[in-house]
Amino acid sequence: MLFAVICRDKPGHLQTRLDTRTAHLGYIEQTGIVKMAGPLIEAGEMRGSLIVLETDSLAAAEAWAAGDPYKAAGLFDSVEVIEWKKVIG
C-alpha cells in the first residue's frame with residue numbers, strides 16, 4: 001500500500017531543516033520504504049515535505065513518520081499520513 005506523508009514546517013524553521021537534512025536523508029535510505037520524496041517550496045524556500053511510502057499498513061506509515069529526524073528536531077507544525085493511490089506516472 002502507498003501512503004502520502006504531508007508535513008508542514010513551523011514558520012521560521014528553515015535552519016532546523018537544513019541542520020537536520022543529513023539525518024533525515026539517512027533515515028530515508030536506512031528504512032528503504034520511501035518511493036519518492038521532496039520538499040514543498042513556498043516563496044522559493046523549503047517549507048515542508050511530501051513523502052510517499054510503501055508499507056503494509058497505515059500504522060507502519062505513521063510509525064515511519066514518527067521516527068523521522070525532522071520530527072524529532074521539532075521542525076513540523078503538522079504531519080498528515082493518508083493512504084494514496086497512484087494513478088498516473
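This write-up is about the structure you can find in this document. (Residues numbered from 1 in each chain as written. Predicted model: local features only at pLDDT ≥ 70, side-chain atom pairs only at ≥ 80, totals over all residues. Heavy atoms only, no water.)

## As for the packing of helix α1 (residues 14–31) against helix α2 (residues 58–67)
The interhelical angle for the contact between α1 and α2, taken along N-to-C directions, is 150 degrees, at an axis separation of 11 Å. The two elements α1 and α2 meet at a crossing, and its hand is right-handed. Contacts from Y27, I28 and T31 in α1 reach A63, W64 and G67 in α2. Tallied by class, residues from the contact of α1 with α2 come to four nonpolar, two polar and no charged. (Axes fitted to C-alpha atoms, helices over the stretch in contact; angles between N-to-C directions. Helix = DSSP H or I, 4+ residues; strand = E, 2+ residues; numbered from the N terminus. Left-handed = near helix turned anticlockwise from the far one by under 90°. Contact = heavy atoms within 4.5 Å. Nonpolar A, V, L, I, M, F, W, Y, C, P; charged D, E, K, R; others polar.)

## Describing the sheet that holds strand β3 (residues 45–54)
Judged by pairing direction, the sheet is antiparallel, and its four strands sit side by side in the order β2-β3-β1-β4 without closing on themselves. Every interior strand has two partners, whereas the edge strands, β2 (34–42) and β4 (76–84), have only one. Averaged over neighbouring strand pairs, the angle between their axes works out to 15 degrees when direction is ignored. Two elements, strand β1 (residues 2–9) and β3, share seven bridges in a ladder whose sense is antiparallel. Following the sheet pairing, A4 is matched in β3 by V52. Those strands touched by α1 are β1, β2, β3 and β4, and its axis lies near 20 degrees from that of β3. α2 rests against β1, β2, β3 and β4 of the sheet, and its axis sits at about 155 degrees to β4. (Pairing = 2+ DSSP bridges.)

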